Amino acid sequence: MTHEKGCCDSICQCFFEYFTPKVLVIRSKKVGTINRLTQALVIAYVIGYVCVLKKGYQDTDTVLSSVTAKVKGIALTNTSDLGLRIWDAADYVIPPQGENSFFVLTNLIVTLNQTQTTCAEKPSQASICSSDKDCKKGFRYTQGNGVQTGRCVNFSESVKTCEVLAWCPLENATEPPNPPMLADAENFTVLIKNSVRYPKFNFNKRNILPHINSSYLSQCVFNRKTDPDCPIFRLKDIVEEAQEDFQTMAVHGGVMGVHIRWDCDLDMPKSWCVPKYAFRRLDNKDPDHNVAPGYNFRFAKYYKNGDGEETRTLIKGYGIRFDVMVFGQAGKFNIVPTLLNVGAGLALLGLVSVVCDWIVLTCMTKRNLYKEQKYSYVDDFGLLSDDGIP
Amino acid sequence: MTHEKGCCDSICQCFFEYFTPKVLVIRSKKVGTINRLTQALVIAYVIGYVCVLKKGYQDTDTVLSSVTAKVKGIALTNTSDLGLRIWDAADYVIPPQGENSFFVLTNLIVTLNQTQTTCAEKPSQASICSSDKDCKKGFRYTQGNGVQTGRCVNFSESVKTCEVLAWCPLENATEPPNPPMLADAENFTVLIKNSVRYPKFNFNKRNILPHINSSYLSQCVFNRKTDPDCPIFRLKDIVEEAQEDFQTMAVHGGVMGVHIRWDCDLDMPKSWCVPKYAFRRLDNKDPDHNVAPGYNFRFAKYYKNGDGEETRTLIKGYGIRFDVMVFGQAGKFNIVPTLLNVGAGLALLGLVSVVCDWIVLTCMTKRNLYKEQKYSYVDDFGLLSDDGIP
Amino acid sequence: MTHEKGCCDSICQCFFEYFTPKVLVIRSKKVGTINRLTQALVIAYVIGYVCVLKKGYQDTDTVLSSVTAKVKGIALTNTSDLGLRIWDAADYVIPPQGENSFFVLTNLIVTLNQTQTTCAEKPSQASICSSDKDCKKGFRYTQGNGVQTGRCVNFSESVKTCEVLAWCPLENATEPPNPPMLADAENFTVLIKNSVRYPKFNFNKRNILPHINSSYLSQCVFNRKTDPDCPIFRLKDIVEEAQEDFQTMAVHGGVMGVHIRWDCDLDMPKSWCVPKYAFRRLDNKDPDHNVAPGYNFRFAKYYKNGDGEETRTLIKGYGIRFDVMVFGQAGKFNIVPTLLNVGAGLALLGLVSVVCDWIVLTCMTKRNLYKEQKYSYVDDFGLLSDDGIP
């Protein structure tokens, strides 16, 4: 024994000691087969699922993206209010530029020549009156259009409502025109420019692919079969790919998602990394719950007339907002995740022996022989059982 | 021995060999109890923390979201510049629509009838002059309002400043009105429509829950206790939930975060998946460091007068920007993460034996007996110590 | 043997049994050294890479951010159309506010006094005509500016094109002015206010650091060497840090990324957590593929003349959009990830023994001795080989 020797010696000896578990080798066709099959299963899973499907040997990075969109197209409307009128991109894209989304006006309710004056409030439970006593000066409520002056005036020949100080005349339509005023919007096209970057791999690419030239770009339109690389989309195609009808959607407006997916295996040639486009309606158009459907907002154009008085044209604009969402993940071989996944695979192999041990020690006919060989016993209770000690 | 046999035989035999570690079983009340308690602790941790709290048996997905917001309400202002004036959503929501945020004007400094002409610069170190020699034609500086013409003119009776070519008259107020001009904004309401999607589980939902009908939606206002499902929020309530005072915040403006959290356990009924709202002030209002507080920006309305000359109304608008942020994670049972977490739990059980081994071999009175039984020795140094070999 | 005793006894005994693998200790300088060196390597990797570099003992959280930007500066232009004209922030920032980005106009093509009327379409393959028969009433195409009236009119003395109903006169320039009209934009400054929050640690900070006071903020400009904490940036500096030339970029516009990185170790003092700024051009300016370069959009200002007829000024605006992206991760000591990483390190130590076992059993001269000691055999085939059984 070395216990008598000095501390230094003991550490030294300890340094050179190598601990390895003692192993019982069972030579059995049954157990061997079960063991090897289970091992094969685990290895197949690790290689198949982790390495091939999930590419566990790759380091990954998520995409940084920059999106710009430019809509083109002309619409013609003919209404009693506005007469024959042409709409171009400067008219129907509101606001003119955004970060990752653009809005195209498809329908509208126009109220011309509003000024700050008094007029009869629209009839509702809170505004119908029979005399001035029913109206309270200064009263206002959320659904109202202005502040009451305290007078009760004729709204129409049969109805009297409280007078309000407001932008008058009030907007009088409640439902948007159907068919939509800018029905021509279905033929508008949008050029979506998207640059992506994977900072970890210093990899840049954009959706105008290298083989696209100016002449192709000036006349192409995206088509999943014939022109899958063209970054110019017809609005009707976008909506129809999402299983929606453009003219129906145009009446009340809505929100469309334009998904651009950049899944790139950077161990492969750079040209294999191309964007995939998908389209989906984002707002809910559940027919059972048509509470507050569609998408609209009000905006105004302000003018001054000859007297310096301010007038405005109020527009309740219905339209489709396109939210461009860029996804994606790039992978490239890296030693750290490879080691991690190989390690995790080896750990799973450890589970195999748990299963096989259980089979060997409970199901096999010779289980007692195996037990005797595998287990040694040392007993703290006295000599209860000492047959297991070799 | 099989070494003399052919290679094929050897591989064949190897295939049927099953390796299992030899185990020493120590029957001891102390060690056994410590061992089982530690195991129970680890199993309780794995089940309690990983499975119940973290729901490790579920595959997870993060939320895709689409947000639209619509503000309603009327404000009345009465100033010497503008007279009695009504403000509606088209006036105070700027820009009229955005992707995930909306801005409500609460206070403003108006400068009417600006034209491109010359006027005296506002007094500052760089602009005060006594004669034309102090002013340099074409000179401009970042804090200035225009390009100097080289002349020194009267700003007021007592002060002379360099003349500038600018939008004149210059904005002359520096501090916003207090109380804020659109104090009424506290009663504005906003309808926030939010549709979410968990693409991995093909699960869609929106914050207008199925049980909400049109009549409820037309008159409800969110209240954490009485109306927690109503998607219409009073601006004052939003600000007060974030422990801020609306009228104070309205003076200089600010940025509010509207957090919508969708944490969904999709193993449970769909109706249990409901949004949770929270509100928080995002810009810093640290009283010690009130450098550049609040939120404001300048915008203009352009007019042409009778002569075709362009004039504008410059507005320095203070207000509250509401950033709607949608969070959330959905989980659903899946076999892959379940296996992973069970595996990780088993690996932790391996640590138990490390601890117990240490206790058995250093702290127990019979440690030398155990050591003798556990360790066998084979020595490369010669016959230094061979007592360990069985 | 205890097998004859009752079931309860057997369970009880099982409870107190502690299973520990039998271990063979090999005392060898070679094997010991290899073993300890490999262990040292793994431990160094775990401590060095996982704990120090990746801070595996910390729980992490990603940043929540709020950004506001305010541009300042004056530009002077002198053109035949507009005359001498001053541009301030209300003129060149479009839209006046946004969530995480701001746009600065640097170049423009102005078309004054457009009205809804008829004029000759711009010459192109689709619009050149020789007589009315070549034009089809109501025809429109994507690249066109209006709806054809069916008449063929003089575009210039030598060219006839189809007449269109459109906003006339049409925009006639195709290339933006070079040098850019708002060349002065390079001296504009922008104050970027950014508040961040790490919700898990209830940690808030903003990029106007505590030591910055009003007087410093009123005159500082960001400089990586002399003023790295100043949140006011000169546009030219931003563009030049991204290795671009401002005046070249200003002609056709572009998209710049302003990256603010907040990597915070919250185990350290709060004051060590400061933002790092980086700038990068996001749109691709690959000289080989200059298809659709730059960034521009059209917008209009609407006027009403004395007769109530609507006219507009169409502006094709080229400019630089600055996308502010806030990144970052905060870490703070937490016991759960610490345990996880220690566990993973121990699992890697298991791999060491696999390597050493292989060396011991195949490369060492005494490998047969070791094999004899390590392996015991039990044979299911009969008495094929029983020499391994002790």
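Note that the structure is predicted; figures quoted are calculated from it, not measured.

Caption draft 1: Up close: the domain arrangement of chain A. All names here are of chain A. Examined at the domain level, chain A breaks down into domain 1 (22–57 + 335–376) and domain 2 (62–121 + 170–333). When each unit is reduced to the centre of its C-alpha atoms, the spacing between domain 1 and domain 2 is 57 Å. Facing the four residues of domain 1 at the interface are four residues of domain 2. Summing both sides of the interface, domain 1 and domain 2 together bury roughly 310 Å²; the carbon and sulfur share of this comes to 57%. The largest share of the area that domain 1 buries against domain 2 comes from Lys 55, Tyr 57 and Ile 335, three residues that together contribute 90% of it. Viewed at the interface, domain 2 and domain 1 are joined by one salt bridge. Where Lys 55 meets Asp 265, a salt bridge forms, and the shortest distance between an N and an O atom there is 3.3 Å.

Caption draft 2: Broad picture of the state of the cysteines. All names here are of chain C. Considering all chains together, one arrives at 15 disulfides over all chains under this definition. A disulfide bridge connects Cys 119 with Cys 168, and the sulfur atoms are separated by 1.9 Å. With the S-S bond torsion at -75 degrees, the cross-link from Cys 119 to Cys 168 turns out left-handed. In this pair, Cys 119 is assigned in strand β7 (residues 101–120) and Cys 168 in strand β9 (residues 160–168), connecting sequence segments 49 residues apart. For Cys 119, a relative accessible area of 16% gives the class buried. Cysteines bonded in chain A are numbered consecutively along the chain; their disulfide partners then correspond to 1-6, 2-4, 3-5, 7-8, 9-10.

Caption draft 3: Quick peek at helix α2 (residues 29–53) of chain C. All names here are of chain C. Taking 1.5 Å as the rise per residue, α2 with 25 residues should run 36 Å; its terminal C-alpha atoms sit 34 Å apart, in good agreement. Listing the buried residues of α2 in full gives Val 31, Gly 32, Asn 35, Val 42, Val 46 and Val 50. Two or three places before Lys 30, at the start of α2, stands the capping residue Ser 28, its side-chain oxygen 3.4 Å from that residue's backbone nitrogen. Lys 55 sits one or two positions beyond α2 and adopts a positive phi of about 50 degrees.

Caption draft 4: Structural view of helix α8 (residues 367–374) of chain B. Residues Tyr370(B), Gln373(B) and Lys374(B) constitute the buried set of α8(B). Summarising the axial view, the buried residues of α8(B) lie within an arc of 95 degrees, below the 170-degree limit, and thus occupy one face.

Caption draft 5: Looking closely at the packing of aromatic side chains. For the structure shown, the criterion picks out 51 aromatic pairs over all chains. With a centroid separation of 5.8 Å and an interplanar angle of 40 degrees, the aromatic rings of Phe297(B) and Phe299(B) are classed as tilted. Assessed through its relative accessible area of 5%, Phe297(B) is described here as buried. For Phe299(B), a relative accessible area of 11% gives the class buried. What links up through ring pairs into an aromatic cluster is the set Phe103(A), Tyr295(A), Phe297(A) and Phe299(A). Against the face of Phe203(C) rests Lys270(C), its NZ or CZ located 5.3 Å from the ring centre. Of note, Lys304(C) hangs over the ring of Tyr303(A), and the distance from its end group to the ring centre comes to 4.7 Å.

Caption draft 6: Spotlight on the interface of chain C and chain A. Chain C puts 81 residues into the contact, and the matching count from chain A is 71 residues. Applying the counting criterion to the chain C and chain A interface returns six salt bridges. Seen at the junction of chain C and chain A, the total is 33 residue pairs in polar contact (both at pLDDT 80 or more). Residues belonging to the side of chain C that touches chain A are distributed by class as follows: 39 nonpolar, 22 polar and 20 charged. Judged from the five bridges that link them, strand β1 (residues 17–21) of chain A and strand β2 (residues 23–27) of chain C form a sheet pairing that is antiparallel. Bridging from a neighbouring strand, Glu17(A) pairs with Arg27(C) of β2(C).

Caption draft 7: Just the relation of the copies chain C and chain A, in detail. Take chain C, turn it by 120 degrees, move it 0.0 Å along the axis, and it overlays chain A with an RMSD of 0.1 Å. Both chain copies can therefore be described as sitting about a three-fold axis. When C-alpha positions in chain C are compared against the rotation axis, the closest is assigned to Lys22(C), at 3.2 Å.

Basis of the calculations
- Residues numbered from 1 in each chain as written.
- Chains lettered and ligands numbered in written order.
- Predicted model: local features only at pLDDT ≥ 70, side-chain atom pairs only at ≥ 80, totals over all residues.
- Heavy atoms only, no water.
- Domains from an automatic or database assignment.
- Contact = heavy atoms within 4.5 Å.
- Buried area = accessible area lost by both parts, 1.4 Å probe.
- Salt bridge = Lys/Arg side-chain N within 4 Å of Asp/Glu carboxyl O.
- Disulfide = S-S within 2.5 Å.
- Helix = DSSP H or I, 4+ residues; strand = E, 2+ residues; numbered from the N terminus.
- Buried < 20%, exposed > 50% of the residue type's maximum accessible area, 1.4 Å probe, protein only.
- Expected span 1.5 Å × (residues − 1).
- Polar contact = N/O pair within 3.5 Å; in protein donor to acceptor, adjacent residues only side chain to side chain.
- Arc of directions from axis to C-beta.
- Phe/Tyr/Trp six-rings, centres within 6.5 Å; stacked < 30°, edge-to-face > 60°.
- Lys NZ or Arg CZ within 6 Å of the ring centre and 35° of its normal.
- Nonpolar A, V, L, I, M, F, W, Y, C, P; charged D, E, K, R; others polar.
- Pairing = 2+ DSSP bridges.
- Least-squares fit on C-alpha atoms with pLDDT ≥ 70 in both.

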